[in-house]
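# Chain and residue survey
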Amino acid sequence: QKFKKHNFAMLAISIDKGDPEKIRKFVAKYKLTFEIFHNPKGDVAKAFGVSELPTTYLINPKGRMTLLASGAREWADEKEIDYLMELMSFKNGKN
């Protein structure tokens, strides 16, 4: 929500092989507000060379990858949010 006013979009790709209802329940439980796509064959993960879940890619508005993070993170933590804003240049007014 903090990034809403910036040129920023978040999405997720689930590679769960089960019923998509599991994904909907997960989204509801954690009150997620971003788009989540279901790719049970894992084609996208293979294409990006994902070897650990979750894997996070941060791509800036110019299309450059500015972060690759493997493993879970506390993205709602203020320090993480500040770090993300710095990577995306929102703090110094570039975007």
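Below or above, wherever it landed, is the structure these notes cover. Predicted model only: the values in this text are computed from it and were never measured. (Residues numbered from 1 in each chain as written. Predicted model: local features only at pLDDT ≥ 70, side-chain atom pairs only at ≥ 80, totals over all residues. Heavy atoms only, no water.)

### Quick look at the pairing of strand β2 (residues 35-38)
Applied cut-off: Pairing between strands is defined by DSSP: at least two bridges between them are needed. Each helix is a run of H or I in the DSSP string that is no shorter than four residues. Each strand is a run of E no shorter than two, and both are numbered from the N terminus. Every crossover in which the path from the first strand over the helix to the second runs clockwise, viewed with the strands pointing away from the viewer, is termed right-handed.
Strand direction decides the pairing type here: strand β1 (residues 11-14) and β2, joined by four bridges, are parallel. Bridge pairing in β2 links Ala12 to Ile36. With helix α1 (residues 20-30) bridging β1 and its parallel neighbour β2, the resulting β-α-β unit is right-handed.

### Concerning the pattern of salt bridges
Two side chains bearing opposite charge may form a pair once their charged atoms approach each other closely. The line we're drawing: Throughout this description, the term salt bridge denotes a Lys or Arg side-chain nitrogen within 4 Å of a carboxyl oxygen of Asp or Glu.
For the structure shown, the criterion picks out one salt bridge. Salt-bridge contacts for Arg24 lead to Glu21; the nearest nitrogen and oxygen are separated by 2.9 Å. In this pair, Arg24 and Glu21 are both assigned in helix α1, three residues apart and thus about one turn of the helix distant.

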